[in-house]
Amino acid sequence: MAVTVAAPSRAVLMECIRAGVLAPSLHNSQPWRFRVGRGRVDVYADRGRRLSVLDPGGRELMMSVGAAVFTMRVALRRSGFVPRLELFPDVDETDLVARIGAVRFAAPTAAAEVLADAIPRRHTNRWPFARRSVAAESLHQLRDAAHREGAFLSVARSDATEAILDLARAADQVLRGRPGYRSELARWAAAGGGEGVPVSAMGPRDRLRTVPVRHFAEVLPFPLPSERFEPHPTIVVLGTTGDTVFDHIRAGQALQRVLLTATSLGLAATPISQPAELAATRDRLAAAMSGASPQIVLRVGHGRTVPPTPRRPLEDALLPSDGRAPSAAPRAARSRRWAPR
Ligand SMILES: Cc1cc2nc3c(=O)[nH]c(=O)nc-3n(C[C@H](O)[C@H](O)[C@H](O)COP(=O)(O)O)c2cc1C
C-alpha cells in the first residue's frame with residue numbers, strides 16, 4: 001500500500017516561522033533560530049540571547065523557545081497539516097531543541113483556527129485592568145489549555161493572591177539588587193533593532209504598588225506616568241510536575257496555549273516571572289502548589305488594547321538550510337518524539 005507522507009512546502013514552513021517569532025520571550029530576547037529542511041523546521045535555542053542575571057540556568061530561555069514551538073505547531077495545523085514534534089532529535093546538538101514536521105494532512109479544526117487567529121493579536125499587557133472579575137468559564141478554559149500541554153494552571157484564591165504578590169514584590173527587590181541587573185535591563189529596555197521591550201509596551205507604574213509588573217522604565221532617562229491598577233488582580237500560576245529542560249519546554253508551550261486562549265476569550269495577560277526567578281521565592285511558591293514546579297505567574301483580566309512589540313528581521317534568525325550546526329555542543333539529553341493531540 002502506498003503511504004502518503006505529508007511534507008509541508010518551504011512556503012508553508014516559512015509561514016510557520018513567521019508565526020513562531022511572534023511568540024512571547026523573556027524581555028523580548030527572541031532566543032531562537034530556525035533551519036528549514038525538507039518538510040520540516042529545526043528550532044535552535046540561541047544561548048547568546050540568554051539573560052544571565054535573571055535566567056542563569058536558561059529555564060526561561062527554554063520556555064521562550066517552547067512558546068515559539070507551540071505557535072509553529074498551531075500555524076502548521078492551520079495550514080492543513082497535523083504537526084509532528086520531536087524534542088532534542090539529535091544527541092550531538094544540544095541547542096537543537098525541536099524538529100517540527102508533519103504527520104499527515106488534515107483540514108484545520110475550529111480550535112486550531114481560533115488559536116491561530118489569536119497569534120498576531122496576543123500581546124503582553126502591562127496596563128491596569130478593569131475592576132471586573134474573570135468569568136469562571138474563562139478560567140476553566142485557561143486551565144484546560146495548560147492541561148492539554150501537559151502542564152497545569154492554578155487559580156489563586158484571594159488569600160493566595162496576596163501571598164503570591166508579596167513573593168513577587170520580595171523577589172523583584174532582591175533581583176533588582178543583583179550585580180548586573182541594571183545593565184542587563186538596559187540591554188533590553190527600549191533596545192531598538194527589533195528586540196527588547198519598547199517604551200510603548202512598558203505600561204505605567206502602579207501608583208499603589210499593588211501589582212508588581214516588571215519595572216522596565218527604571219533604566220529610562222525619563223519617568224513614565226503612574227496609574228492605579230486593579231486592587232484585586234486575578235492571579236494564576238503555571239506549573240509542571242518536574243523541572244527538567246523538557247518541563248521548561250512544556251511550560252513554554254503551555255504558556256503560549258494559555259495566552260492564545262486568553263486572547264481568544266478577550267482577556268489580557270501579564271507574565272510576572274520574578275517569584276520563579278529566585279530560588280527562595282520559587283520554593284515558597286511551590287509549597288503553595290502542592291510541591292509542583294511553578295514556572296511562571298500570570299495576571300489575567302480585562303485590559304485595554306495595547307500595541308505589538310517589534311521583532312528582529314527574520315533573516316537574523318534563519319540558519320542556512322544545509323549548513324552545519326550553529327555551535328559545537330556537548331552530548332545531549334535523550335530524544336523524545338510524539339505526535340501532538
Ligand atoms: C518566560 C517569559 C517570562 C516573562 N516574564 C515577564 C515578566 O516578568 N514581566 C513582564 O512584564 N513580561 C514578561 N514576559 C513577557 C515578555 O516581556 C514579552 O513576551 C516580550 O516583551 C514580547 O512582547 P509581547 O509578549 O507583547 O509579544 C515574559 C515572557 C516569557 C516568555
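Residues numbered from 1 in each chain as written. Predicted model: local features only at pLDDT ≥ 70, side-chain atom pairs only at ≥ 80, totals over all residues. Heavy atoms only, no water.

**Let's talk about the sheet that holds strand S5 (residues 152–155)**
At step 1: Spatially, four strands are ordered S5-S8-S10-S9 in an open sheet, and the strand pairing comes out antiparallel. Each edge of the open sheet carries a strand with a single partner, namely S5 and strand S9 (268–272). The average angle at which neighbouring strand axes cross in this sheet is 30 degrees, direction not considered.
At step 2: Pairing of S9 with strand S10 (residues 293–301) involves five bridges; the strand directions are antiparallel. If you follow Ala268 over to S10, its bridge partner there is Gly301.
At step 3: Together, strand S8 (234–240) and S10 form the strand contacts of helix H9 (residues 279–287), whose direction differs from that of S10 by roughly 80 degrees. (Pairing = 2+ DSSP bridges. Helix = DSSP H or I, 4+ residues; strand = E, 2+ residues; numbered from the N terminus. Axes fitted to C-alpha atoms, helices over the stretch in contact; angles between N-to-C directions. Contact = heavy atoms within 4.5 Å.)

**Focus on the site of the ligand**
At step 1: Near the ligand you find 22 residues, and of these Arg122, Thr124, Arg126, Ser273 and Arg311 are the closest.
At step 2: Arg122 places a side-chain nitrogen or oxygen 2.8 Å from an oxygen atom of the ligand.
At step 3: Ser273 has a polar side-chain atom sitting 2.8 Å from a nitrogen atom of the ligand.
At step 4: Protein burial of the ligand: of its 620 Å² of free accessible surface, 100% is covered by the chains. (Near = heavy atom within 4 Å. Polar contact = N/O pair within 3.5 Å; in protein donor to acceptor, adjacent residues only side chain to side chain. Areas by Shrake-Rupley, 256 points an atom, 1.4 Å probe, with all protein chains shown as cover.)

**What about the nonpolar core?**
Generally speaking, a soluble globular protein has its nonpolar side chains buried in company with each other.
At step 1: Core analysis: the biggest nonpolar cluster contains 43 residues, and Ile17, Phe34, Val43, Met72 and Val97 have the highest contact counts within it.
At step 2: Summarising the domain contributions, this core has at least three residues from each of domain 1 (10–120 + 310–322) and domain 2 (122–301).
At step 3: Dropping the residues within four chain positions of it, Ile17 is found in contact with Phe34, Val36, Val41, Met72, Leu314 and Leu318.
At step 4: Counting 21 residues, the second largest nonpolar core, distinct from the first, contains Leu139, Leu142, Leu238 and Val258. (Core = buried A, V, L, I, M, F, W, Y, C linked by side-chain atoms within 4.5 Å. Buried < 20%, exposed > 50% of the residue type's maximum accessible area, 1.4 Å probe, protein only. Domains from an automatic or database assignment.)

**Topic: helix H4 (residues 136–148)**
At step 1: Given a rise of 1.5 Å per residue, 13 residues ought to cover 18 Å, and the 18 Å separating the end C-alpha atoms of H4 matches this to within 8%.
At step 2: Among the residues of H4, those classed as buried are Ser138, Leu139, Leu142, Ala145 and Ala146. Take H4 and look down its axis: the buried residues cluster within an arc of 115 degrees, on one side only. Exposed positions of H4 whose direction lies more than 90 degrees from the buried face are Ala136 and His147.
At step 3: Buried residues along H4 sit in contact with S5, S8, helix H7 (245–264) and S10.
At step 4: Positioned one or two residues after H4, Gly150 has a phi angle of 80 degrees, which is positive. (Expected span 1.5 Å × (residues − 1). Arc of directions from axis to C-beta.)

**Details of the pattern of salt bridges**
At step 1: Under the counting rule described, the total for this entry stands at 23 salt bridges.
At step 2: With a shortest N-O distance of 3.0 Å, Arg304 and Glu227 are connected by a salt bridge. Of the two residues, Arg304 is situated in the loop between S10 and helix H10 (314–317) and Glu227 in strand S7 (residues 226–227); the sequence distance between them amounts to 77 residues.
At step 3: A residue is classified by how much of its surface remains accessible, and Glu227, at 27% relative accessible area, is partly exposed.
At step 4: A salt bridge links Arg299 to Glu230, with the nearest nitrogen and oxygen atoms 2.7 Å apart. Of this pair, Arg299 sits in strand S10 while Glu230 is found in the loop between S7 and S8, placing the two residues 69 residues apart along the sequence.
At step 5: In this structure Arg299 comes out as buried when scored by relative accessible area, which is 0%.
At step 6: Salt bridges sharing partners connect three or more residues here, namely Arg33, Asp46, Arg49, Arg187 and Glu195. (Salt bridge = Lys/Arg side-chain N within 4 Å of Asp/Glu carboxyl O.)

**Quick notes on the domain arrangement of the protein chain**
At step 1: Its domain assignment divides the protein chain into domain 1 (10–120 + 310–322) and domain 2 (122–301).
At step 2: Domain 1 and domain 2 are separated by 22 Å when their C-alpha centres are compared.
At step 3: Counting residues at the interface gives 36 residues for domain 1 and 43 residues for domain 2.
At step 4: The contact between domain 1 and domain 2 buries some 3200 Å² in all, and 64% of this surface belongs to carbon and sulfur atoms.
At step 5: Summed over the shared surface of domain 1 and domain 2, the number is two salt bridges. (Buried area = accessible area lost by both parts, 1.4 Å probe.)

**Here we look at helix H1 (residues 10–20)**
At step 1: When we look at burial in H1, the residues that qualify are Val12, Leu13, Met14, Cys16, Ile17, Ala19 and Gly20.
At step 2: Structurally, H1 contributes buried residues whose contacts are with strand S1 (32–37), strand S2 (40–45), helix H2 (59–78), strand S3 (81–87), H10 and strand S11 (318–319).

**Examining the confidence of the model for the protein chain**
At step 1: For the protein chain, per-residue confidence averages 93 on the pLDDT scale, and 93% of positions sit at 70 or higher.
At step 2: By mean pLDDT, strand S12 (residues 336–338) is the weakest element of the protein chain at 38, and H2 is the strongest at 99. (pLDDT = per-residue confidence, 0-100.)

**With respect to the side chain of Asp247**
At step 1: Secondary-structure assignment places Asp247 in helix H7.
At step 2: At a separation of 2.8 Å, a polar atom in the side chain of Asp247 contacts the main-chain amide nitrogen of Thr244.
At step 3: If near-sequence neighbours (up to four positions away) are discounted, Asp247 is found in contact with Thr240 and Gly242.

**Thoughts on unusual backbone geometry**
At step 1: One non-glycine residue, Asn28, lies in the positive phi region at around 55 degrees.
At step 2: Within the secondary structure, Asn28 is located in the loop between H1 and S1.
At step 3: Residue Asn28 is classed as buried on the basis of its relative accessible area, which comes to 5%.
At step 4: Phi is positive for Ala190, close to 50 degrees, though the residue is something other than glycine.

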